[in-house]
Amino acid sequence: MTDRIDAGRAAVGDERAAVRAEYEALAAFDRRVAELPTVTVPTGPPLVADPQPSGQSLARVRAAYAETVMSVPHYEAEYGDTVAESLAAEFGADLAAALMGGTALTPEVRDAVRAATVAARREREAFLDVLDREADSLVAAADDIAATESSLESLDDRPLSARPFDDLYDLWSTLRTLDARVDGIGLRRQETIGDHRAALPGVSTDLCEHLYADLSASYPVLASLADLAERLTRARRRVERALASTA
């Protein structure tokens, strides 16, 4: 009953490893950028100004980015874009244009790159927190579903035909209680999904659809609960038929 949730937990683990790798890669990139010398672009009259600096310092920034952020193991499969496209996606079009087409790494550009890197790391950190909460939610739901399933199976220790009316009524009441438990698990899960959406306002794709797109169900907990609810419904109907036959 919890196989889909187990697969979901594995998917969350994979995603967490990828996000952690990006977080660490951005830290490595920031260290590389911090060590690069900056160039002050001359603003005086052409006859007295120093020669126009080359873009070599910006090339070092691009190389550092490619060797850190774009070198995480999952990068090609997940993104597969160019340096220019990646910089624009990560830091915005304006800063990407300055890094791709500027003349030199000025103090202002380096400060902007480092600030953007810090912001990107904070986004990963926030996402890691959400993934941790998602993992905890999956564990709790799997435990609750397993406990409910165990309770359901324990009710089937005697044939219905061998039970007196009072026993059948108690069984029916217990099944109603298990139904309510399943509803409660589902409500808590829906609240968690809503909390994820609130915690990631800038993400257009639903977290579950992102994490579990390759699984048999994009919402593994809710799918498992639907199966369990159907089993409980069938069991309750059998008890109701047995009750009717003893009346």
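See the structure printed just above.
Keep in mind that this is a model prediction, so the values were computed, not measured.

Right, let's get into the overall build of the protein. Each helix and strand in the protein was counted, giving 9 helices and 0 strands. Listing each helix as α and each strand as β along the protein from the N terminus yields α-α-α-α-α-α-α-α-α. The C-alpha radius of gyration of the protein comes to 29 Å, more than 25% above the 18 Å expected for a compact globule of 247 residues. Each principal axis of the C-alpha distribution contributes one length, and for the protein these read about 110 × 25 × 20 Å. Looking at the 247 residues of the protein, the share that counts as buried comes to 37%. Counted over contacts in the protein with a minimum sequence separation of 6, partners at least 24 positions apart contribute 78%. Computed over 27 positive and 43 negative side-chain charges, the inter-centroid distance for the protein is 3 Å.

One pass over the structure, following the stated rule, counts 5 aromatic pairs. Each ring, one from Phe 29 and one from Phe 91, has its centre 6.2 Å from the other, and the planes form 20°; the classification is stacked. Linking Phe 29 in helix α1 (residues 3–35) with Phe 91 in helix α4 (residues 83–91), this pair joins segments that are 62 residues apart in sequence. Like Phe 29, the residue Phe 91 is buried in the burial classification. Relative to Tyr 79, the ring of Tyr 75 lies with its centre 4.9 Å away and its plane at 45°, an arrangement referred to as tilted. What makes Tyr 75 buried here is its relative accessible area of 5%.

In the contact formed by α1 and helix α2 (residues 56–67), the axes pass within 9 Å of each other and the chain directions differ by 160°. With respect to α2, the element α1 is oriented roughly antiparallel. Remark: the crossing between α1 and α2 carries right-handed chirality. Taking contact as the criterion, the partners of Phe 29, Arg 32 and Val 33 in α1 are, on α2, Val 61, Ala 63, Ala 64, Tyr 65 and Glu 67. Taken together, the residues of the contact of α1 with α2 sort by class into 6 nonpolar, no polar and 2 charged.

Look at α2 against α4: their axes get within 11 Å of each other, and the N-to-C directions meet at 85°. With respect to α4, the axis of α2 lies roughly perpendicular. Residue-level inspection shows Arg 62, Tyr 65 and Ala 66 of α2 in contact with α4, the latter providing Val 83, Ser 86, Leu 87, Glu 90 and Phe 91. The residue inventory of the contact of α2 with α4, partitioned by class, reads 5 nonpolar, 1 polar and 2 charged.

Parameters at a glance
Residues numbered from 1 in each chain as written. Predicted model: local features only at pLDDT ≥ 70, side-chain atom pairs only at ≥ 80, totals over all residues. Heavy atoms only, no water. Helix = DSSP H or I, 4+ residues; strand = E, 2+ residues; numbered from the N terminus. Rg over C-alpha atoms; globule rule 2.2 N^0.38 Å. Buried < 20%, exposed > 50% of the residue type's maximum accessible area, 1.4 Å probe, protein only. Contact = heavy atoms within 4.5 Å. Lys, Arg positive; Asp, Glu negative; His and termini not counted. Charge placed at Lys NZ, Arg CZ, Asp CG, Glu CD. Phe/Tyr/Trp six-rings, centres within 6.5 Å; stacked < 30°, edge-to-face > 60°. Axes fitted to C-alpha atoms, helices over the stretch in contact; angles between N-to-C directions. Parallel < 35°, antiparallel > 145°, perpendicular 65-115°, else oblique. Left-handed = near helix turned anticlockwise from the far one by under 90°. Nonpolar A, V, L, I, M, F, W, Y, C, P; charged D, E, K, R; others polar.

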